[in-house]
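Tertiary structure, described
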Amino acid sequence: MSSVAPYAIPAWRVVLPGVDLTERLKPRLLDLTLTECRGGEADQLELRLHDHDGALALPRKGVLLQAAIGWRDAGLVDKGSFKVDEVEHSGAPDVITVRARSADLTQPLRTRHERSWHDTTLGAILRNLAGEHGLQARIAPALASIAISHLDQTEESDANLLTRLAKRYDAVATVKAGALIFAPIGAGTTPTGNVLPGATITRASGDQHRYSTADRDVYTGVRAYWHDKAEAQRKSVLVGQSGNAKRLRESYSSEAEAREQANAEWQRIQRGAAKFALILALGRADLYPEQRITVAGFKAGIDGEWLLARTTHTITGSAGFTTALELETIVGA
């Protein structure tokens, strides 16, 4: 997939369980857009189809679609299953838009619960959640061993709890291919637990690019507050330098939690110090969020290694296939 002939033909496949819809939909395809996120958000598949003759039936919400994209000569990359959750008909001209989200992040992960955990570990909580949903737990050892003295889940879905824990520990929390994955951002693992290979992109591969960095309001660190019950005082912890430290509004229940939150926010700030967006003229279905991407041939200060945060693949009925990439700074690089 890394080398595609300049006149290669895009290819795609959309399948209902046991029924390949590709040839039926191909003459009607306006565009297919597949967005892959790092975590917290469900991956999304969107199909826009001609309905000029009114002969195309509206799909039922809740049906599963399996999608694969790529190039005819190089083969297709399986992108998983998506559950249809939105159908739109517009006109004129009449167009049916079908939106489906990653099947792994739909119900019952979004059902609300009320419970608490005490004197346990992050790994034990995540394994418990995975087991309840019939998922394999793939948790980075460094995160699995973190001690949790107390954690409440109050009228909160498991999906939201995973997002909250991911923010607290600056981790990727996602459910893909039957696995609950929880790993530090930048670790770069596949749903099967393997390390994602790096990739190189040169300027010749790009159709458009945009690099941005901002020095205004640059934070030098993060300060978080916690309530010391023993001394009945509000205290703080600092990660980074105090010069222009960002202050988190929430007051946390312990020094350890305050430090975890401050550290996670500091990591996010550093990753956002510079951003690089690319649109590849020849789509790359083999690229995934969390991969490390080496870019070359742009400019000093831009060339180097970046972390891939989001991919958006677009295939049009007029035989185009592009991939938009959102890259961010690798902390510590």
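What counts and what doesn't
For every chain, the first residue of the written sequence is number 1, and numbering continues from 1 along that sequence. Reporting in this predicted model follows two pLDDT cut-offs: at least 70 for local features of residues, and 80 or more for side-chain atom pairs to be given and counted; totals over whole chains, interfaces and linings ignore these cut-offs and use all residues. Working from all heavy atoms in the structure, the side-chain values ignore hydrogens and water. To qualify as a helix, a DSSP run of H or I must reach at least 4 residues; to qualify as a strand, a run of E must reach at least 2; elements of each kind are numbered from the N terminus. Radius of gyration here is computed from C-alpha atoms only, and the compact-globule reference equals 2.2 Å multiplied by the residue count raised to the power 0.38. Relative accessibility thresholds used throughout: buried, under 20% of the residue-type maximum; exposed, over 50%; partly exposed, between the two (1.4 Å probe, protein chains only). Contacts were defined at the residue level, with two residues in contact if any of their heavy atoms lie within 4.5 Å. Here the open area of atoms and residues is found with the Shrake-Rupley method and a 1.4 Å probe, where only the protein chains shown may cover a residue. Arc definition: it is the arc formed by the directions from the helix axis to the C-beta atoms. What counts as a salt bridge is simple: a side-chain nitrogen of Lys or Arg found within 4 Å of a carboxyl oxygen of Asp or Glu. To define a nonpolar core, start from buried Ala, Val, Leu, Ile, Met, Phe, Trp, Tyr and Cys residues and group those joined through side-chain atoms within 4.5 Å.

**Section: the overall build of the chain**
In terms of helices and strands, the chain carries five helices and 21 strands. A globule of 333 residues ought to have a C-alpha radius of gyration of about 20 Å, and the chain, at 22 Å, matches this closely. Across its three principal axes, the chain shows a C-alpha extent of roughly 75 × 50 × 40 Å. Burial analysis of the chain (333 residues in total) assigns 44% to the buried set. In the chain, the proportion of contacts linking residues at least 24 apart, taken out of those at least 6 apart, comes to 61%. Here the chain has roughly 16900 Å² of accessible surface; of this, 48% comes from carbon and sulfur atoms.

**As for unusual backbone geometry**
Omega for the bond connecting G91 with A92 falls within 30 degrees of zero, at -10°, which places this linkage in the cis form. Within the secondary structure, A92 sits in the loop between β6 (75-90) and β7 (95-102). The peptide bond linking A92 to P93 adopts the cis configuration, its omega dihedral lying at -5°. Positioned with a positive phi, E290 is a non-glycine residue whose angle comes to about 90°. The topology assignment puts E290 in the loop between β18 (274-280) and β19 (292-296).

**Concerning helix α2 (residues 122-132)**
By the burial criterion, the buried members of α2 are L122, G123, I125, L126, L129 and A130. Here the buried residues of α2 occupy an arc of 160° about the axis, which is enough to place them on one side. In the segment just after α2, G134 is the residue with positive phi, at about 65°.

**Observations regarding the pattern of salt bridges**
What the rule picks out here adds up to 25 salt bridges. Salt-bridge contacts for E290 lead to R38; the nearest nitrogen and oxygen are separated by 3.7 Å. Note that E290 is positioned in the loop between β18 and β19 and R38 in the loop between β3 (29-37) and β4 (44-50), a separation of 252 residues in sequence. Each member of the pair, E290 together with R38, is buried. Put simply, R99 and E88 hold a salt bridge, and the shortest N to O gap is 3.5 Å. Taken together, the residues span a long stretch of sequence, with R99 in strand β7 and E88 in strand β6 at a distance of eleven residues. When its relative accessible area of 32% is taken as the criterion, E88 is described as partly exposed. Each of R38, D170, K246, E265, R268, R271, E290 and E328 takes part in a single network of salt bridges with overlapping partners.

**Side note on the nonpolar core**
Judged by nonpolar contacts, the single largest core of 27 residues is most densely connected at L122, L126, L129, L143, L165, L180 and F182. For this core, the secondary structure elements donating two or more residues are α2, α3 (141-144), β10 (147-157), α4 (158-169), β11 (171-176) and β12 (179-184). A per-element tally of this core places α4 first, with six residues. Among all residues touching L180, those that are not within four sequence positions of it are L126, L129, A130, L135, Q136, A137, R138, L162, T174 and V175.

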